Amino acid sequence: MKEYKYKINGENYNVTINEVGQTTAQVEVNGVAYSVEWEKPEAPKPVVVAKPAAPAAKPAASPAPAPAASGATGGYAIKTPLPGVIIDVKVNVGDTVAKGQTVAILEAMKMENNISSDRDGKVASIAVSKGETVADGAILITLE
């Protein structure tokens, strides 16, 4: 049994949670008993992210690291830093983006996170769409 005290619009509420099931809870609010029901959330649909084939062996001396692989088009991949749901995609294929520009918004842990480009470039492809669930490290956008 858990007890909470809330103040909502200037009114005090004493809430006691007596029993919690998968889709119901028995609670008391200011001494009045309630049965609370909710819909069981659907399991998130898994997102399958294709990984590019292993790159060929690199020469011994490489002047700079290669950009992150992003599939058949090559280029630099902007990836999600954590799993979540895409709220919005702020760019289109062909757009030019600047370093620090927000390219997508990701909802994770009930917070909106701006996903920004960490370099200048031109959008070559967009791998996600609004409302899509993405895994940690999933490719969102590829820059040329």
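Numbering of residues starts from 1 in each chain and follows the order in which that chain's sequence is written. The predicted origin of the model limits local features to residues at a pLDDT of at least 70 and limits the giving and counting of side-chain atom pairs to 80 or more, whereas totals for whole chains, interfaces and linings rest on all residues. As a convention, hydrogens and water are excluded, and side-chain values are obtained from all of the structure's heavy atoms.

Draft legend 1. How the structure looks around the packing of aromatic side chains. Two aromatic rings from Phe, Tyr or Trp, using only the six-membered ring of Trp, form a pair when their centres are within 6.5 Å; if the ring planes differ by under 30 degrees the pair is stacked, by over 60 it is edge-to-face, and anything between is tilted. Per the stated rule, a full pass over the model turns up one aromatic pair. For Arg119, the ring lying beneath its charged end belongs to Tyr76, and the centroid distance is 3.7 Å. In this scheme, the term charge over a ring applies when either NZ of a lysine or CZ of an arginine sits within 6 Å of the ring centre and within 35 degrees of the ring normal.

Draft legend 2. Quick peek at the sheet that holds strand S12 (residues 139-143). The strand order across the open sheet formed by four strands is S5-S12-S10-S7, and the pairing between neighbours is antiparallel. The sheet is open, and its two edges are formed by strand S5 (76-79) and strand S7 (96-97), each paired on a single side. By the bridge criterion, four bridges tie S5 to S12 in an arrangement that is antiparallel. Bridge pairing links Lys79 to Ile139 in S12. Each pair of strands is called paired provided DSSP finds at least two bridges between the two strands. Think of it this way: any DSSP run of H or I at least four residues long counts as a helix, any run of E at least two long counts as a strand, and we number them from the N terminus.

Draft legend 3. Spatial organisation of the confidence of the model for the protein chain. One number per residue, pLDDT, summarises how confident the predictor is, and it ranges from 0 to 100. The pLDDT averaged across the protein chain works out to 81; a share of 76% of its residues lies at or above 70. The secondary structure element of the protein chain with the lowest average pLDDT is strand S1 (residues 2-8), at 85, and the one with the highest is S7, at 94.

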